[in-house]
Amino acid sequence: MFFLVMNDVVQIKKAITLHDVRVEIPRAVERGEDAHFVCRYSLDSDQQLYAVKWYKGRREFYRFQPNEIPPIKTFEIPGISVFRSVSNATHLTLRAVEPTISGKYSCEVSADAPSFDTMLVTGEMDVIELPRTKPKIADINNTKYRVGDALYGNCTSFNSRPAANLTWLINNITIEAKDVQLDKIKNETTKLETVTLSLFVHLKREHFTRGGKAKIQCVAKMFDAYMQSDERIIEEDRGDMTNMIDLYGPIGASLYDSDTKDAFMTHYISKASSPSNTLTNLILTCLIFTRIIISVFMNYSSILKKSTIKTRVLTKSNVITVS
């Protein structure tokens, strides 16, 4: 039960002998539970209390007058049942509250003669029905995602009154409103609501930890009376470095060899065209240029070697001819 001290004070008459009137009204009470109200005040030492009255909206339903016998009087309002034996000048208990009595409540305190100073303070209470199960995440079926991939999911909280407040988080950071969409369904018979919050976000580098993981969490809350969550763990797909190296074939093979050129280019296109992140593309590009440089160098070395051998043969032939 969550209490809120309200400061909405209406002074019926300029108070001289009556001071510090304030109420403690539970902001939210679960259906079927008792609701406990408190109305506090201060009177000058020479001043007596005349009456304390409680209102639902503008209708009085409880009155305490210390000089009357009995001091407690109640007035019927549908859904409100006063627990008389534990109620008095400062405390009021309502039995087994129902959602129909949600709303504003006011405490009016009046001093006795001769001042009859009067002050009224108002608060608000909601009678709620909590979900019987925790929220459920659906449609996040993959366990691995690349940076840039779209992450889609639904989080649903079932059968509560009012609807639970849902929040999506990634690694404990709340997802922006532009990346979520809210839908509610109300059962007209039970008045209970089911709410779904859809998530659609393109994953960024900062969504993953250094270890390459991300915790996707959905939290459902109702005032301070209820908080439950569901979560999924996904991993960053960083690709296989071994496969990236194999992509380019043996280091010694030439890009220009007729036997390997077509196979190499087909192999490259088929792998490079698959979805990849920026880092992967950079690595692939570096490997391609490295592969080209090595191939050019080896081709040049091969040509230079053949030229050297030919020169030696010619030189040897010339020497024999001279002899």
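Everything below is about the structure printed above this text.
Predicted, not measured: the structure shown is a model, and the values here were computed from it. (Residues numbered from 1 in each chain as written. Predicted model: local features only at pLDDT ≥ 70, side-chain atom pairs only at ≥ 80, totals over all residues. Heavy atoms only, no water.)

Draft legend 1. View of the sheet that holds strand β19 (residues 226–236). An order of β12-β19-β18-β14-β15 is seen for the 5 strands of this open sheet, with the pairing classed as mixed. For this open sheet the edge positions go to β12 (144–145) and β15 (173–174), each flanked by a neighbour on one side alone. Alignment of strand β18 (residues 213–222) against β19, held across 10 bridges, turns out to be antiparallel. Its bridge partner lying in β19, Met222 is registered against Tyr226. (Pairing = 2+ DSSP bridges. Helix = DSSP H or I, 4+ residues; strand = E, 2+ residues; numbered from the N terminus.)

Draft legend 2. Broad picture of the pairing of strand β4 (residues 35–43). Pairing analysis gives 5 bridges linking strand β3 (residues 18–30) to β4, with the strands arranged antiparallel. Across the sheet, the residue bridging to His19 is Ser42, located in β4. Two successive antiparallel strands, β3 and β4, enclose a turn made up of 4 residues, where Gly32 displays a positive phi of approximately 90°. The pairing of β4 with strand β8 (residues 91–94) spans 4 bridges and is antiparallel. Each residue of the ladder has a partner; that of Phe37, found in β8, is Leu92.

Draft legend 3. Expanded view of the state of the cysteines. Considering all chains together, one arrives at 2 disulfides under this definition. Two residues, Cys39 and Cys107, share a disulfide whose sulfurs are 2.0 Å apart. In this structure the cystine formed by Cys39 and Cys107 twists about its S-S bond by roughly -85°; its chirality is therefore left-handed. Of this pair, Cys39 sits in strand β4 while Cys107 is found in strand β9 (residues 103–111), placing the two residues 68 residues apart along the sequence. By the burial criterion, Cys39 is buried, and Cys107 matches it. Once the disulfide-bonded cysteines of the protein chain are ranked by sequence position, their pairing pattern turns out to be 1-2, 3-4. (Disulfide = S-S within 2.5 Å. Buried < 20%, exposed > 50% of the residue type's maximum accessible area, 1.4 Å probe, protein only.)

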